[in-house]
Amino acid sequence: MSDFSQFLLQAGGAVSGRIRVPGDKSISHRSIMFGALAEGTTTVSGFLEGEDSLNTLRAFRAMGVDIEGPAGGRVVIHGVGMHGLTAPQGPLDLGNSGTSMRLMAGLLAAQPFSVTLTGDRSLSKRPMGRVTQPLALMGADIAAQEGGRPPLVIPGGAALKGIDYPLPMASAQVKSCVLLAGLYAQGETSVVEPAPTRDHTERMLRGFGYEVLTEGSRISLSGGGTLKATDIDVPADISSAAFFMVAASIAEEADLTLEHVGINPTRTGVIDILKLMGANIALENQREVGGEPVADIRVRSTHLKGIDIPENLVPLAIDEFPALFVAAACAEGRTVLTGAEELRVKESDRIQVMADGLQAIGATATPTADGMVIEGRGEQLQCFVGGEVEAHDDHRIAMSFAVASLRSAGSIRVCNCENVATSFPNFVELAQQVGLKLEAIA
Ligand code: S3P
């Protein structure tokens, strides 16, 4: 975990230079899971050495997988094959990581051993019924606590059968959970998405040699196949880059290049939304790395304007709304977000927590059931007065309010920032390097 608990930000600061943010969290989790179940040795470079993906790594080690590293982003996974995992000594503690718990619930549903999945204070409040329900339809009888919350007790030994499942919400975690259980199920497993969500599971399974069919919104696979080891180059995480995309958009005279960022089209909603607000963002040096599109993203200051955020972009920018709310507060005019009720069940209730924090530093933000209305003050240089905000153990809330300091009249203190280490272990160093006046304190 981090050796700090608070961010103290002096008002103002600049944003310039070239940086590479850490590896993609979604891809890092999946590289461990699929590498572990593959036949042969998988070498990963650019692995996110954040607490979330490290918790996935530790969990697979606890199930008998020999994993070397991480060292400088390099991880070597000696795959045990689809049926090679062994029973862990005790419960698997997945910390803050919803992705680990939901994907692993699917993968572990059909193992011959029983396993318990636990998490921290934030994860223990998050809904797991969305995965235990489809898994029950497949034949796995997973016990959760009241309200479908963790810990999850997976009895093991279930004989799964394939299902055809219309996803009740646009969620890559639920989609992935069902598909991963489907690897072990008899017959075909299909999911139908209400809206496109990140497709790393589908892309990476194909990269490991597994046949996955995508026909419009339906994704299907058949159980009983095998995964073949492959090498993975993890691009920088667009969700981490997003804080700096907003920072460079709202700061004066900013010019920042973010190197080697994954621009998978199911992840680029943040670029589309910022561009609709008038941002100056250029994708340079576009290329493909291991089945994922990558670019260097150059962002320069602009005068943002408020918009009605198109609902079709919501799942494609789902993790970026804390940062986008800060951008909206620094835009001229009103920004309205709707159709984003999923934000209420993230690492914190990101609608309430962001509205509270924005109000605490002097912005005008009104939470709604499924989004937020923000009256931006972009015509002024200083859009916030400053003050103290509570990050509620949510990494993305903490980093978003750090960025807000660029347009604040007074200093900002952000409390409960420890979890920044879950997704962005060197955020403080990179923020200081580009020019934020950030001090991390114990
Ligand atoms: C993720 C999916 C998203 C996202 C999370 C990572 C994934 O969650 O918020 O940070 O790696 O599949 P939902 O599927 O709950 O929207």
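A quick note: this is a predicted structure, and the numbers were derived from the prediction, not measured.

**A word on the overall build of the chain**
The helix and strand inventory of the chain stands at 13 helices and 23 strands. Oriented by its inertia axes, the alpha-carbon framework of the chain measures out at about 60 × 45 × 40 Å. Buried residues in the chain amount to 60% of all 442 residues. Within the chain, contacts between residues separated by at least 24 positions form 76% of all contacts whose residues are at least 6 apart in sequence. Per element, the accessible surface of the chain, about 15000 Å² overall, is 48% carbon and sulfur. Between the averaged position of the 35 positive side-chain charges in the chain and that of its 51 negative side-chain charges there is a distance of 1 Å.

**Observations concerning the layout of surface pockets**
The volume enclosed by the largest pocket comes to roughly 590 Å³. As for the largest pocket, its lining consists of 37 residues, and the residues nearest its centre are Ala170, Ser171, Ile318, Glu342 and Lys346. Of all the secondary-structure elements, those providing two or more residues to the lining of the largest pocket are α1 (25-37), α3 (98-108) and α5 (172-182). Here the lining of the largest pocket spans two domains, and each of domain 1 (6-23 + 235-441) and domain 2 (25-233) adds at least three residues to it.

**Quick word on the domain arrangement of the chain**
Considered domain by domain, the chain is made up of domain 1 (6-23 + 235-441) and domain 2 (25-233). Each of domain 1 and domain 2 has a C-alpha centre, and the two are 29 Å apart. At the junction of the two partners, domain 1 supplies 29 residues and domain 2 supplies 27 residues. Buried surface at the junction of domain 1 and domain 2, both sides included, amounts to about 2300 Å², of which 46% is carbon and sulfur. When the area that domain 1 buries against domain 2 is broken down by residue, the three leading residues are Arg267, Glu347 and Thr422, summing to 21%. Between Glu347 and Arg126 there is a salt bridge, and its shortest N-O distance comes to 3.9 Å. Viewed at the interface, domain 2 and domain 1 are joined by 16 residue pairs in polar contact (both at pLDDT 80 or more). Counting only elements with at least two residues in the side of domain 1 that touches domain 2, the list comes to β17 (292-300), α11 (395-404) and α12 (420-423). Among the elements that take part in the side of domain 1 that touches domain 2, α12 stands out by supplying 3 residues, more than any other.

Procedures and definitions
Residues numbered from 1 in each chain as written. Predicted model: local features only at pLDDT ≥ 70, side-chain atom pairs only at ≥ 80, totals over all residues. Heavy atoms only, no water. Helix = DSSP H or I, 4+ residues; strand = E, 2+ residues; numbered from the N terminus. Buried < 20%, exposed > 50% of the residue type's maximum accessible area, 1.4 Å probe, protein only. Contact = heavy atoms within 4.5 Å. Areas by Shrake-Rupley, 256 points an atom, 1.4 Å probe, with all protein chains shown as cover. Lys, Arg positive; Asp, Glu negative; His and termini not counted. Charge placed at Lys NZ, Arg CZ, Asp CG, Glu CD. 1 Å grid on protein atoms, 1.4 Å probe; cavity = no way out; pocket = protein on both sides within 12 Å on 5 of 7 lines; lining within 4 Å. Points joined across faces, edges and corners; volume = space filled by probe spheres on them. Domains from an automatic or database assignment. Buried area = accessible area lost by both parts, 1.4 Å probe. Salt bridge = Lys/Arg side-chain N within 4 Å of Asp/Glu carboxyl O. Polar contact = N/O pair within 3.5 Å; in protein donor to acceptor, adjacent residues only side chain to side chain.

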